[in-house]
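Next come the chains, spelled out residue by residue.
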Amino acid sequence: MTAFFALTTSLLWGLADFGGGLLTRRTPALTVVVVSQAVAAAVLGAVVVATGGWSEAGPRLWFAFAAGLIGPVALLSFYQALALGPMGVVSPIATLSVAVPVGVGLFLGERPGLLQAAGIAVAVTGVVLAGGPQLRGAAVQRRTVLLTLVAALGFGTVFALITEASTSVTGLFLALFVQRVTNVAVGGVALAASVRRGGAAVPEDGFPWASMPALAFVGLADVAANGTYAVAAQHGPVTVAAVLASLYPVVTALAARGFLSERLRAVQAAGAGLALVGTLLLATG
């Protein structure tokens, strides 16, 4: 059961990443974040009411609130990086979010094992190579790599906070609802500020209503992935769940290759692969 739900998490996160990045190429990233998270918040609200999740309210929800403050920054950075592309490089680098729990452990006095130390070295090397050293052809923009690293830090922090925000399935629904509502509020304020400074909230030809199903899918797939990961972690070793769930970049890369015919230079592909390998070593160390 752990393997099934963890692999389902990879599939959902991978498709959500691909959809979010693709939508951001046509619609402002903030709008993608706000609309997709608003749909997710509405659905989660209905689930919380149906399951009686309000009874789980307590001080732990402050962790969900904090996750909601950080989440929009991570999502916006990630979608912008995906829009700049290539997805096959961005998504694997984002899996470095697993380094956040390792950092927390170091702060609390833990010391990395041999596998974790190797994972850090491999992952850093992968980040450098995935940036596309100027050997031949155009390199991946430095801004793309920086945005992806910001997103990874944010995602890792959000995962850690959500883990602390609930102790039951109904509590998880409530925590995710609080997180999504906060996401929408923070994202909405940022979007309003952007418009006030002259930025665009929608494309020149108006709001892409035809993209609403895709926007809804991105938001709901992200929420569902959080849920399946929590179930996977509750029914088996967290390390196994983390390793299998961290395979989602493979889904994103395959989707980019299949739908966008995206090609990577050898050094970029090697760097993306090393970033993914380093992440797996960190998760299993």
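Please read all numbers here as calculations on a predicted model, not as lab measurements. (Residues numbered from 1 in each chain as written. Predicted model: local features only at pLDDT ≥ 70, side-chain atom pairs only at ≥ 80, totals over all residues. Heavy atoms only, no water.)

Trainee: I'm lost on the overall build of the chain in this one. Help?
Mentor: The helix and strand inventory of the chain stands at 12 helices and zero strands. What you see in the chain, going N to C, is helices and strands ordered as α-α-α-α-α-α-α-α-α-α-α-α. Considering the chain as a whole, with its 285 residues, one finds that 48% of them fall into the buried category. For the chain, restricting intrachain contacts to residue pairs at least 6 apart in sequence, the fraction spanning at least 24 positions comes to 90%. (Helix = DSSP H or I, 4+ residues; strand = E, 2+ residues; numbered from the N terminus. Buried < 20%, exposed > 50% of the residue type's maximum accessible area, 1.4 Å probe, protein only. Contact = heavy atoms within 4.5 Å.)

Trainee: Would you mind going over the packing of aromatic side chains with me for this structure?
Mentor: Geometrically, a pair of aromatic rings is defined through the distance of the ring centres and the angle of the planes. Scanning the model with the defined rule gives seven aromatic pairs in all. Look at Trp13 and Tyr229: their rings are 6.3 Å apart centre to centre, the planes differ by 35°, and that puts the pair in the tilted class. Linking Trp13 in helix H1 (residues 2–24) with Tyr229 in helix H9 (residues 212–234), this pair joins segments that are 216 residues apart in sequence. Residue Tyr229 is classed as partly exposed on the basis of its relative accessible area, which comes to 24%. (Phe/Tyr/Trp six-rings, centres within 6.5 Å; stacked < 30°, edge-to-face > 60°.)

Trainee: Help me understand the UniProt feature "transmembrane region" (unreviewed entry) in the chain, please; the structure alone is not making it clear to me.
Mentor: Per the UniProt record, "transmembrane region" (unreviewed entry) is found at residues 28–49, 61–82, 113–132, 144–163, 169–193, 214–232, 238–259 and 266–284. For residues 61–82, the helix share is 100%, the strand share is 0%, and the end-to-end C-alpha distance is 31 Å. (UniProt positions renumbered as here; feature names shortened; annotations may be inferred.)

Trainee: Can you walk me through helix H2 (residues 29–51) in this structure?
Mentor: In an α-helix, one turn spans 3.6 residues; hence positions three or four apart end up facing the same way. Taking 1.5 Å per residue, 23 residues should reach 33 Å; H2 reaches 32 Å between its end C-alpha atoms and fits that length. Count one or two residues on from H2 and you reach Gly52, which has phi positive near 70°. (Expected span 1.5 Å × (residues − 1).)

Trainee: What is the right way to look at the packing of H2 against H9 in this model?
Mentor: Helix-helix packing is characterised by the crossing angle of the two axes and by the distance between the axes. Axis separation between H2 and H9 bottoms out at 8 Å; the angle between their running directions is 60°. When the axes of H2 and H9 are compared, the pair comes out oblique. By crossing handedness, the relation of H2 to H9 is classed as right-handed. On H9, the residues touching Val32, Val35, Ser36, Gln37, Val39, Ala40, Val43 and Leu44 of H2 are Met212, Leu215, Ala216, Val218, Gly219, Leu220, Asp222 and Val223. (Axes fitted to C-alpha atoms, helices over the stretch in contact; angles between N-to-C directions. Parallel < 35°, antiparallel > 145°, perpendicular 65-115°, else oblique. Left-handed = near helix turned anticlockwise from the far one by under 90°.)

Trainee: Please explain the pattern of salt bridges as it appears in this structure.
Mentor: For the coordinates displayed, the defined rule picks out one salt bridge. A salt bridge links Arg180 to Asp222, with the nearest nitrogen and oxygen atoms 2.4 Å apart. Of this pair, Arg180 sits in helix H8 (residues 169–196) while Asp222 sits in helix H9; the two residues are 42 residues apart in sequence, bridging distant segments of the chain. (Salt bridge = Lys/Arg side-chain N within 4 Å of Asp/Glu carboxyl O.)

Trainee: Just checking my understanding: could you explain the nonpolar core for this structure?
Mentor: In summary, soluble globular proteins display a tendency toward joint burial of nonpolar side chains. If you look at the biggest cluster of nonpolar residues, it comprises 25 residues, and the most contacted ones within it are Phe78, Tyr79 and Phe155. Of all the secondary structure elements, the ones that give two or more residues to this core are H1, H2, helix H3 (61–84), helix H4 (87–94), helix H7 (142–165) and H9. Setting aside chain neighbours within four positions, we find Phe155 in contact with Ala74, Leu75, Phe78 and Ser97. In this structure, Leu44, Leu172, Ala175 and Val178 belong to the second largest nonpolar core, which totals 18 residues. (Core = buried A, V, L, I, M, F, W, Y, C linked by side-chain atoms within 4.5 Å.)

Trainee: Would you mind showing me how to read the environment of Ala117 here?
Mentor: Secondary-structure assignment places Ala117 in helix H6 (residues 114–130). It is 8.5 Å that separates the C-alpha atoms of Ala117 and Leu281, two residues lying 164 residues apart in sequence.

Trainee: Looking at this model, I keep getting lost on a nonpolar patch on the surface. Mind explaining?
Mentor: Residues Leu11, Leu15 and Phe217 make up a contiguous nonpolar surface patch of about 240 Å² in total accessible area. Its location among the elements puts Leu15 in helix H1. Since its relative accessible area comes to 30%, Leu15 is described here as partly exposed. (Patch = residues over 30% accessible without salt bridge, like charges linked within 9 Å, V, L, I, M, F, W, Y side chains within 5 Å. Areas by Shrake-Rupley, 256 points an atom, 1.4 Å probe, with all protein chains shown as cover.)

Trainee: Which parts of the structure should I look at to understand helix H11 (residues 248–260)?
Mentor: Counted at 1.5 Å a residue, the expected span for H11 with its 13 residues is 18 Å, and the 18 Å between its end C-alpha atoms agrees. Those residues of H11 lying buried are Tyr248, Pro249, Val251, Thr252, Ala255 and Ala256. Buried residues in H11, looked at end-on, bunch into an arc of 155°, giving them a common side. Summarising the geometry of H11, the exposed residues directed more than 90 degrees from the buried face are Leu254 and Gly258. Looking one or two residues past H11, Ser261 carries a phi angle of roughly 55°, positive in sign. (Arc of directions from axis to C-beta.)

Trainee: Explanation requested: the environment of Ser211 in the structure shown.
Mentor: As for its position among the elements, Ser211 is in the loop between H8 and H9. Residue contacts for Ser211: discarding those within four places in its chain leaves Leu23 and Arg26.

Trainee: Explain the packing of H8 against H9 to me, please; I cannot follow it from the model alone.
Mentor: In contact at an axis separation of 11 Å, H8 and H9 are set at 150° when each is read in the N-to-C sense. On the basis of their axis angle, the class for H8 and H9 is roughly antiparallel. Helix-helix and strand crossings are classified by hand; for H8 and H9 the assignment is right-handed. Listed contacts from H9 to Val169, Leu172, Leu176 and Arg180 of H8 are Asp222, Val223, Asn226, Gly227, Ala230 and Gln234. Across the contact of H8 with H9, the residue classes break down as five nonpolar, three polar and two charged. (Nonpolar A, V, L, I, M, F, W, Y, C, P; charged D, E, K, R; others polar.)

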